[in-house]
Amino acid sequence: MKPDNRLGLALIITAPSGAGKSTLIKRLLAEFPTAGFSVSCTTRSPRPGERDGVDYEFVSVEEFKARIGRDHFAEWAEVHGNYYGTPKQGVLDSLASGRDVIFDIDVQGAKLLKGNLNLGRTVFILPPSRAELARRLAGRGSDSPETIARRMANARSEIAQAGWFDHLVVNDALDAAYDELRAVYLAERARPELHPGLLESILGGWTG
Ligand code: ADP
Ligand code: 5GP
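Every value quoted in this text rests on a predicted model; they were computed, and no experiment measured them. (Residues numbered from 1 in each chain as written. Chains lettered and ligands numbered in written order. Predicted model: local features only at pLDDT ≥ 70, side-chain atom pairs only at ≥ 80, totals over all residues. Heavy atoms only, no water.)

Here we come to the overall build of the chain. From N to C terminus, the chain includes eight helices and nine strands. The C-alpha radius of gyration computed for the chain amounts to 18 Å, which stays within 12% of the reference 17 Å derived for 208 residues, consistent with globular compactness. In the chain, buried positions account for 43% of the 208 residues. Considering only intrachain contacts with a sequence separation of at least 6, the fraction spanning at least 24 residues in the chain is 69%. For the chain, the centre of its 26 positive side-chain charges and the centre of its 27 negative side-chain charges are spaced 2 Å apart. (Helix = DSSP H or I, 4+ residues; strand = E, 2+ residues; numbered from the N terminus. Rg over C-alpha atoms; globule rule 2.2 N^0.38 Å. Buried < 20%, exposed > 50% of the residue type's maximum accessible area, 1.4 Å probe, protein only. Contact = heavy atoms within 4.5 Å. Lys, Arg positive; Asp, Glu negative; His and termini not counted. Charge placed at Lys NZ, Arg CZ, Asp CG, Glu CD.)

Written out as structure tokens, the structure is:
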């Protein structure tokens, strides 16, 4: 028997749009390829370079609503005028099989996952300042000025709700922020509830 039949960690990562969450998550998944990414469904259009089924599953509003009706989502929310949702079954199967799952979802989704399913540990990524967030959103060059204005307005209320998260990481210098996120990931994997039977399996062969 394996000494550690561990369960997967659900690591929920939230940030205002443009704070650098996708950049940090890509790095984490590259370093820990056994972890999976929870591919959300969305009704927004793909950005240049985004791949269907990899970054998101891109669906129509009609299809999204039909999936809500079929209880397909662990949580769903309307964010910045589009629908986003986390498919439930794949996530639960991965966690049960010991595979970690990284989530990139908004504040409402993080609250619902924790509340409804009692699932996950939460990290909020903060931009160092308002000015830097505005610079990054504009620098990404993929969103219209109206979209950027809407995202900046939402950022303030999202940051105001960050106090209940398990961890806060300020993404100022990228390497330092990544080191902190990586440390959170490794520490959270060591939580006892993810290692059922570990102590018993070590004590099983214990004599004297
Ligand atoms: P999010 O997924 O949170 O919306 P992205 O990861 O797409 O944000 O990052 C937004 C922009 O900011 C991208 O152009 C990215 O390259 C840049 N960026 C991310 N982290 C940093 C950082 N620490 N310093 C400077 N630019 C950054
Ligand atoms: P973007 O359009 O920039 O990819 O994402 C916009 C926001 O939607 C981000 O805050 C992102 O974390 C959030 N988001 C992405 N997928 C989901 C999801 O499945 N559920 C929820 N609640 N939010 C999501």
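Moving on, we get to the site of ligand 1. Taken together, 13 residues are adjacent to ligand 1, and G18, S22, T23, R140 and N171 come closest. Within the backbone of G18, a nitrogen or oxygen atom sits 2.7 Å from an oxygen atom of ligand 1. Between ligand 1 and D172 there is a distance of 2.9 Å, counted from a nitrogen atom to a backbone nitrogen or oxygen. Starting from 560 Å² of accessible surface for ligand 1 in isolation, the protein chains cover 75%. Counting atoms within 2 Å of the grid points, the majority share of ligand 1 lands in the largest pocket. Those elements that provide at least two residues to the shell around ligand 1 are α1 (21-31) and α5 (130-140). Class assignment for the residues of the shell around ligand 1 results in three nonpolar, six polar and four charged. (Near = heavy atom within 4 Å. Polar contact = N/O pair within 3.5 Å; in protein donor to acceptor, adjacent residues only side chain to side chain. Areas by Shrake-Rupley, 256 points an atom, 1.4 Å probe, with all protein chains shown as cover. 1 Å grid on protein atoms, 1.4 Å probe; cavity = no way out; pocket = protein on both sides within 12 Å on 5 of 7 lines; lining within 4 Å. Sits in = over half its atoms within 2 Å of the grid points. Nonpolar A, V, L, I, M, F, W, Y, C, P; charged D, E, K, R; others polar.)

Applying the stated criterion across every chain yields a total of nine aromatic pairs. Ring plane angle 75 degrees and centroid distance 6.4 Å describe the contact between F64 and W76, whose orientation is recorded as edge-to-face. In this pair, F64 is assigned in helix α2 (residues 61-69) and W76 in strand β5 (residues 73-79), connecting sequence segments twelve residues apart. Overall, F64 belongs to the buried group, its relative accessible area being 0%. A relative accessible area of 37% places W76 in the partly exposed class. (Phe/Tyr/Trp six-rings, centres within 6.5 Å; stacked < 30°, edge-to-face > 60°.)

Taken together, 19 residues are adjacent to ligand 2, and S40, R44, Y56, Y84 and D104 come closest. At 3.2 Å, a backbone N or O of G85 approaches an oxygen atom of ligand 2. I105 places a main-chain nitrogen or oxygen 3.4 Å from an oxygen atom of ligand 2. The protein chains hide 97% of the 520 Å² of surface that ligand 2 would expose on its own. In a pocket analysis with a 2 Å cut-off to the grid points, ligand 2 is assigned to the largest pocket. When contributions to the shell around ligand 2 are tallied by element, the ones reaching two or more residues are β5 and β6 (82-87).

Moving on to unusual backbone geometry. Residue D71 is not a glycine yet carries a positive backbone phi of 60 degrees. Structurally, D71 is set in the loop between α2 and β5. D71 gets classed as exposed once you look at its relative accessible area, which sits at 52%. With a phi close to 50 degrees, H80 is a non-glycine residue in the positive phi region. Inspection of the secondary structure assignment puts H80 in the loop between β5 and β6.

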